[in-house]
Amino acid sequence: MRTTAFGYPKIGPNRELKKVVESYWAGEITKEQLYNEAEKIQIQRLTVLKNADLDLIPSNDFSLYDFILDISTMLGVVPKRFGESLDLDTYFAMARGSKTAIACEMTKWFDTNYHYIVPEFENDFKLLKNRPLESYKFAKEKLGIETKPVLVGPFTYIWLGKVPEKQEGKLLVHMVKANESPKFKDLVLSAAKVYNQILKELEANGVKTVQLDEPALVLDIDDNDVQILIEAYKILTDGLKEIEIFVHTYYESLSKYEKIVFELPVHGIGLDFTINEENFENLKKFGFPSDKKLIAGIVSGRDPWKIDFQKTVDFINDLLKFVNEDRLIISNSSPLFHLPVSVEPEKGHLDDKLIGLLSFANERLDELKTLKKIFNDGHPIPSQNLQALRDEFKDEEVRKRIAQIDEKKIGRKVPFAERYQKQISILGLPKFPTTTIGSFPQTKDVRKVRADFNAGKISKEEYEGFIKKQIEHVIDVQEKLGLDVLVHGEFERSDMVEFFGQKMKGFAFTKNGWVQSYGTRCVRPPIIYGDVSRPEPMTVKEITYAQSLTSKPVKGMLTGPVTILNWSFYRKDIPKKEIAYQIALALRDEVLDLEKAGIKVIQIDEPAFREGLPLKKAKQKEYLEWAVNAFKLTNEAVKPETQIQTHMCYSEFNEIIEYIYAMDSDVILIEASRSKGEILDAFEKFNYDHGIGPGVYDIHSPRVPPVEEMLEIAERSIKVIDKNLIWINPDCGLKTRNWEEVIPSLQNLVQVARIMRDKYAD
């Protein structure tokens, strides 16, 4: 029995990568120092993988920012707006923007909370740097180990990109998804030619095995897509003699199983056996080719729950009925970067019973090592009692409350048009009202004081006094800027999910369980280990204090139930829908407390609403229906004059627009700046008659967008949405930005609203 693994976390055990890259951005270290520190992180990662006794050790799975951006800069896929030269600063500019160029679009990687930089295909492909070869040589020279270079395959890479179609205004370019473009086939085949060049160079340097990740093959691809795939891989493998090519799929079951598994000209196929039973059912139905290896994903790369060794061994024995042992390689099912690095720092921090249920990236490697010993060395199967541990975390009162929900009656009783008219009148808002998404810059001082409080270095009174001063400052700033609906700044919150989870029962929080979300942005996903409830109010104190400082409305700020669920590690022995409803009822109690305290606008954010959407369309309706219900549960009992807002970002709105509409939020604030307003296409064919704020300011970039740039997006929105329903706002929270960027950007944003009011005063 052989083992392999892939996608090991890139960030370092203590987020070393984040610190060194941000130091480079801040001008505190040189490019050479950045590279030296990055090498240390790579060596540490490779050492862990080497010690895991893997038969195939991965390489080329490290990145300074994003692995898709790495491919783009390797293949010359650099938009012309970034100039002719391609260096490290150009690389970061594509991700973050520059003074002269808008950043490339960033969106969710399949149904995960990882974000990738979307390729823009406006140039011909050419190999500028063979990154997999450099990584292979690095591992061999530094540690003396043979590795298996890992690279996202050409089909998935092209599928995830976009093609410029036409210019719209001075700044906006209409982009179409590559897989929906007539250029799709040509792009895939052209990329395959360059991949062939990469592989030939790898083979010439002694590489024995390469892993090409093709997760797009689990989507709803058709027969034409499969033909393009097979034709591309014939080009990709042409002239290769010794090197083995493994194609890995994950996050769902492989579509078009029989044709791809039997006809794709590769040496091995990787399948995810942890997500559901469909891959195994297809294996039983169609079998597996005798000339290919099966890389069986049998330990999860997505959830942190320990495997049941007895069940896993039994399952591997079932696989051996269809694949000979010498052609079976066991592996993680999906990339390990979705998990924290190790459980070790949590010992003594988390409850011992919970520790007994957890397995992060290092522990996944240990599980693979143990399984290998069981099969190869007759190692005894470890004894476990996992279900008994899980049963200790039940709350029958919470489950009774869930059982009383009548799903057919969920929702507000007064129609939107009637509600909205009352709300605008009571709030005294102008046309094109301005607001922000919720958070304002969290400076080093803010983070230090919060850390000092959590460490017991300052008193509760000192901490709350500091937070009050921050709230006073941000209210004053917003009033001077001329914003219409204000926020309290969220200075007491480290993370939009963690904050609420810490105040609810059923959640646990790691000390060092960081996971990369995008670039240097890392999050610590909460662990939902038990049934969820809210013991006491969570946000009322800070929100009501902020409201006492101004006559303008201040929004109550909550994170929605679907986002809290999707951005947490949730239990697998409870239906996902039931967990969402538990969180929704806890938030419902908070919403009513805010309304009772006089808060007239309450924002319930759902940026991860689409993230949990099943990848196969046949499974999406059920998810969307209960996700909509979970959101509506949070606010169905408020008065008609209480305005409910929500925020969503990086979503393919056209695919789920009717369900977003069914959420019945009075106002939805969405990302539109990075996609250059393309997201508004979803509203051209759908009569969206609720309030909407297309984000005009890209907060993920340090640049200050000029009025002209924001105005183009606002003007574009007029074409598809009733001007009486449009809001002007950034595309996300301002937490990660500096005040020096935020103030002039918001001044420009307010100026855009004034221009729109003057122009469309009628």
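Further up the page is the structure itself.
Below you will find a few notes about this structure.

## Structural notes on the overall build of the chain
- Of regular secondary structure, the chain possesses 26 helices and 21 strands.
- Computed over the C-alpha atoms, the radius of gyration of the chain is 26 Å, within 12% of the 27 Å expected from 2.2 N^0.38 for a compact globule of 762 residues.
- For the C-alpha atoms alone, the extent of the chain along its principal axes is close to 75 × 60 × 50 Å.
- Taking all 762 residues of the chain together, 63% fall into the buried category.
- For the chain, long-range pairs separated by at least 24 residues make up 80% of all intrachain contacts whose partners lie at least 6 apart in sequence.
- For the chain, the accessible area works out to roughly 29,200 Å², and carbon and sulfur atoms hold 47% of it.

## Considerations on the sheet that holds strand S9 (residues 244-248)
- The strand order across the open sheet formed by eight strands is S1-S12-S11-S10-S9-S8-S5-S2, and the pairing between neighbours is parallel. Strands with a single pairing partner mark the edges of an open sheet, and in this sheet they are strand S1 (2-3) and strand S2 (58-59).
- Alignment of S9 against strand S10 (residues 268-272), held across three bridges, turns out to be parallel. When the bridges of S10 are listed, Val247 appears paired with Ile269.

## A closer look at the environment of Glu625
- Note that Glu625 resides in helix H23 (residues 620-635).
- A C-alpha to C-alpha distance of 34 Å links Glu625 and Phe67, two positions 558 residues apart in sequence.

## Regarding the packing of aromatic side chains
- Scanning the entire structure with this criterion turns up 33 aromatic pairs.
- Look at Trp159 and Phe184: their rings are 5.8 Å apart centre to centre, the planes differ by 85 degrees, and that puts the pair in the edge-to-face class. Highlighted residues: Trp159 in helix H6 (residues 154-159) and Phe184 in helix H7 (residues 184-204), separated in sequence by 25 residues.
- The exposure class assigned to Trp159 is buried, which follows from its relative accessible area of 14%.
- An aromatic cluster of three or more residues is present, and its members are Phe6, Phe67, Trp109, Phe110, Tyr114, Tyr116, Tyr250, Tyr251 and Phe337.
- The aromatic ring of Tyr114 is capped on one face by Lys10, whose charged end is 5.9 Å from the ring centroid.
- Looking at Arg96, its charged tip hangs above the ring of Trp25, at a distance of 3.7 Å from the centre.

## Quick word on the packing of helix H18 (residues 460-481) against helix H20 (residues 540-548)
- It is at 10 Å that the axes of H18 and H20 come closest, and there the two elements cross at 40 degrees. By the angle between their directions, the pair H18 and H20 is classed as oblique. Considering how the two elements wind past one another, H18 and H20 form a crossing that is right-handed. Of the residues in H20, those in contact with Glu464, Lys468, Ile471, Glu472 and Ile475 of H18 are Lys541, Glu542, Tyr545 and Ala546.

## Comments concerning the pattern of salt bridges
- As enumerated under the stated definition, the model contains 46 salt bridges in all.
- Of the charged contacts in the structure, one is a salt bridge between Glu407 and Lys577, with a shortest N-O distance of 3.0 Å. Of this pair, Glu407 sits in the loop between helix H15 (396-403) and helix H16 (416-427) while Lys577 sits in helix H22 (residues 576-596), and the two are 170 residues apart along the sequence.
- By relative accessible area, which is 34% here, Glu407 ends up partly exposed.
- One network of salt bridges, with partners in common, ties together Arg412, Arg419, Asp664 and Asp666.

## Observations regarding unusual backbone geometry
- Within the chain, Arg15 stands out as a residue other than glycine whose phi angle is a positive 60 degrees.
- Within the secondary structure, Arg15 sits in the loop between S1 and helix H1 (16-25).
- Of note, Phe110 is a non-glycine position whose phi angle comes to about 55 degrees, a positive value.
- If you trace the backbone, Phe110 turns up in the loop between strand S3 (106-108) and strand S4 (115-117).
- By relative accessible area, Phe110 is classed as buried at 9%.

## Side note on the side chain of Asp70
- On the secondary structure map, Asp70 appears in helix H3 (residues 67-74).
- With no salt bridge to any partner, buried Asp70 finds its closest opposite charge in Arg131, at an N-O distance of 4.2 Å.
- A polar contact of 2.6 Å, which involves the side chain of Asp70, links it to the side chain of Tyr91.
- Setting aside anything within four residues of it in sequence, one finds Asp70 in contact with Phe62, Ser63, Tyr91 and Arg131.

## So, helix H8 (residues 223-237)
- In this model H8 runs 21 Å from its N-terminal to its C-terminal C-alpha over 15 residues, within 8% of the 21 Å that 1.5 Å per residue would give.
- For H8, the set of buried residues is Asp225, Val226, Ile228, Leu229, Ile230, Ala232, Tyr233, Leu236 and Thr237.
- Each element contacted by the buried residues of H8 is listed here: H6, H7, strand S8 (209-213), S9 and helix H9 (257-263).
- Residue Asp222 occupies the N-cap position of H8, its side-chain oxygen lying 3.1 Å from the main-chain nitrogen of Asn224.
- Of the residues trailing H8, Gly239 is marked for its positive phi of about 85 degrees.

## Thoughts on the environment of Met94
- Mapped onto the fold, Met94 is located in helix H4 (residues 88-96).
- Residues Met94 and Glu105 lie eleven residues apart in sequence; the distance between their C-alpha atoms is 8.8 Å.

## Comments concerning helix H17 (residues 444-454)
- Residues of H17 that are buried include every one of Val446, Val449, Arg450 and Asp452, and no others. The buried residues of H17 occupy an angular sector of 160 degrees when projected down its axis, which confines them to one face. In H17, those exposed residues whose orientation departs by more than 90 degrees from the buried face are Lys444, Lys448 and Asn454.
- Those residues of H17 that are buried are in contact with H18.
- Count one or two residues on from H17 and you reach Gly456, which has phi positive near 80 degrees.

## What about the nonpolar core?
- Of all hydrophobic cores here, the largest spans 119 residues; its most connected members are Leu75, Trp109, Phe125, Tyr157, Ile158 and Leu371.
- The element that contributes the greatest number of residues to this core is H7, accounting for eleven residues.
- Counting 115 residues, the second-largest nonpolar core is a separate cluster that includes Ile437, Phe683, Leu734 and Val752.

What counts and what doesn't
Residues numbered from 1 in each chain as written. Predicted model: local features only at pLDDT ≥ 70, side-chain atom pairs only at ≥ 80, totals over all residues. Heavy atoms only, no water. Helix = DSSP H or I, 4+ residues; strand = E, 2+ residues; numbered from the N terminus. Rg over C-alpha atoms; globule rule 2.2 N^0.38 Å. Buried < 20%, exposed > 50% of the residue type's maximum accessible area, 1.4 Å probe, protein only. Contact = heavy atoms within 4.5 Å. Areas by Shrake-Rupley, 256 points an atom, 1.4 Å probe, with all protein chains shown as cover. Pairing = 2+ DSSP bridges. Phe/Tyr/Trp six-rings, centres within 6.5 Å; stacked < 30°, edge-to-face > 60°. Lys NZ or Arg CZ within 6 Å of the ring centre and 35° of its normal. Axes fitted to C-alpha atoms, helices over the stretch in contact; angles between N-to-C directions. Parallel < 35°, antiparallel > 145°, perpendicular 65-115°, else oblique. Left-handed = near helix turned anticlockwise from the far one by under 90°. Salt bridge = Lys/Arg side-chain N within 4 Å of Asp/Glu carboxyl O. Lys, Arg positive; Asp, Glu negative; His and termini not counted. Polar contact = N/O pair within 3.5 Å; in protein donor to acceptor, adjacent residues only side chain to side chain. Expected span 1.5 Å × (residues − 1). Arc of directions from axis to C-beta. Core = buried A, V, L, I, M, F, W, Y, C linked by side-chain atoms within 4.5 Å.

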